[in-house]
Every structure is written in structure tokens, then in C-alpha cells.
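Observations on the three-dimensional arrangement
Chain residues, written in single-letter form:
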Amino acid sequence: SRGLGDVYKRQSMGGEKISAARTSLIEFVNLLDGRDRLQVILFDDELIMLTPMSQLSDKREDVTRRVSGIVEGDDTRLYDAVKLAYEEMEANGDPDHIRAIVVLSDGQDTASELSLGQLLPVIHAQSESGSGTKIFTIAFGGDADKDVLQQIAEPTGGKLYEGDPKTIREVYAD
């Protein structure tokens, strides 16, 4: 049988946090220009490519519909998802344009194969030139592990934000 700790870990982005994250992501998608390229990766006990990297103009309505249907999952593979997103952006992002990853999370990883200590050198090593992919993290929930989210964002030249749909405009501006 699972204890309360197991239940808590398995639903770290449940309830209000997942609802606020959905709303924030939809707000962000609506701010983007149709020529912007977007990829969305969901992460719970699996890494799910919600939409591949392509121009938003062709898929804005579909992305909004899919994001509206996001529900809380089980475990959280935050570190694995950040690594995948970073590698995808480095491989498929246009180096002549802004390359940014926006991570919406409570910072609590419960299931990654990778540890935070293994993730940080990967994203730091690839961003030393200063022109690489930046990671912006948005912390959701009063219990969010802001230290972890800050450690993920800062080495890339990104920034940590408080999780609130209103802050999405600030993230977009940055």
C-alpha cells in the first residue's frame, strides 16, 4: 500500500497547480506570433511530445485544445524533460532566432533517470557561449522548490518566475 508521502509525490502538480499551469501555457501560446516555432513536452511518469517543433500558425487551435485537456499525472520526470527539451532545441532550434525553453513546474522531481547534479553540467556546458538556449522556469504552488528551478534557469541566462498566469507576459517579454 502507498503511504501519504507516496500519494503526495505522485501528485505534486495536482489541483490548483496544474490548473494554473494550463492557464499560463494557453496564455503564453496566445502571445506568440504565428511565425514562432513551438514544441510542447509534457512530463509525468512519461515524456510526451504534445506537439513537435513547428510554426505555431498551423497549429495554434490544436495546441490550445490539447493543452486544455492536460490533467495531472503520476510521477514527475522534470530533469529528464528539461534535458530532452534542451537537446531538442539545440538540435532543431534556429540559431539565428531566439531559442528559449519555458518550464512550468513545482520543481519537484520524483521519477527522472537523471539527477539534478547530472542535468546541470549538460545545460551549463552547452550555454557557455552566451548565445545558446535560455531556460525560463515558472514555479507553481506554495511548496514549489524554487531553489531547483533557479539552478536550472540561471546557468543558461534564464530566470525563475513565480507561477501565476499574469507573469506569462513578463516571461514572454524576457
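Residues numbered from 1 in each chain as written. Predicted model: local features only at pLDDT ≥ 70, side-chain atom pairs only at ≥ 80, totals over all residues. Heavy atoms only, no water.

Some remarks on the packing of aromatic side chains
For any pair of aromatic rings, the description consists of the separation of the ring centres together with the inter-plane angle of the planes. Where we set the bar: Any two rings among Phe, Tyr and Trp, with Trp reduced to its six-membered ring, count as a pair given centres within 6.5 Å; such a pair is stacked if its planes are under 30 degrees apart, edge-to-face if over 60, and tilted if neither. Here a helix means four or more residues in a row that DSSP labels H or I, a strand means two or more in a row labelled E, and each is numbered from the N terminus. The buried label applies to any residue whose accessible area, calculated with a 1.4 Å probe on protein chains only, is under 20% of its type's maximum; exposed applies above 50%, and partly exposed to all values in between.
Evaluation of the coordinates by the stated rule reveals two aromatic pairs. Aromatic side chains Phe-28 and Tyr-172 sit 6.1 Å apart centroid to centroid with 75 degrees between the ring planes, which places their arrangement in the edge-to-face category. Taken together, the positions of Phe-28 in helix H2 (residues 15–31) and Tyr-172 in helix H7 (residues 168–173) put the pair 144 residues apart, joining distant regions of the chain. By relative accessible area, which is 13% here, Phe-28 ends up buried. Residue Tyr-172 is classed as partly exposed on the basis of its relative accessible area of 37%.

Overview of helix H4 (residues 78–92)
Selection criterion: Here the expected length of a helix is defined as 1.5 Å per residue gap, with one fewer gap than residues.
With 15 residues, H4 should reach 21 Å at 1.5 Å per residue; the first-to-last C-alpha distance of 21 Å fits that figure. Of all the positions in H4, only Leu-78, Tyr-79, Asp-80, Ala-81, Val-82, Ala-85, Tyr-86 and Met-89 are classed as buried.

Some words on the pattern of salt bridges
Rules: The working definition used for a salt bridge is a side-chain nitrogen of Lys or Arg within 4 Å of a carboxyl oxygen of Asp or Glu.
Per the counting criterion, the structure on display carries ten salt bridges. Of the charged contacts in the structure, one is a salt bridge between Arg-66 and Asp-62, with a shortest N-O distance of 3.0 Å. Here Arg-66 and its partner Asp-62 are both found in helix H3 (residues 60–68), four residues apart, which amounts to about one turn of the helix. The class of Asp-62 is partly exposed, set by a relative accessible area of 28%. Counted as one network, the salt bridges with shared partners bring together Lys-17, Asp-106 and Asp-143.

Thoughts on the side chain of Lys-59
Defined as follows: Positive charge is attributed to Lys and Arg, negative charge to Asp and Glu, and no charge count is given to His or to the chain ends. By definition in these notes, contact holds between two residues if any of their heavy atoms fall within 4.5 Å.
Tracing the backbone through its elements, the reader meets Lys-59 in the loop between strand S2 (47–55) and H3. We note that Lys-59 is buried and unpaired, the nearest opposite charge coming from Asp-62 at a distance of 7.9 Å. Other than its neighbours up to four places away in sequence, Lys-59 contacts Leu-38, Thr-51, Pro-52, Met-53 and Ser-54.

Here's the deal with the sheet that holds strand S5 (residues 160–162)
Operational definition: For two strands to pair, DSSP has to find at least two bridges joining them. In this description, a line fitted to the C-alpha atoms serves as the axis of each element, helices being fitted only across the stretch in contact, and the angle between N-to-C directions of two axes falls anywhere from 0 to 180 degrees.
Taking strand neighbours across the sheet as the criterion, the three strands line up as S3-S4-S5 in an open arrangement whose pairing is parallel. Each edge of the open sheet carries a strand with a single partner, namely strand S3 (100–105) and S5. Averaged over all pairs of adjacent strands, the angle between strand axes in this sheet comes to 20 degrees, irrespective of strand direction. Here three bridges tie strand S4 (residues 134–139) to S5, and the two strands are oriented parallel to one another. The partner of Ile-138 across the bridge, within S5, is Tyr-161.

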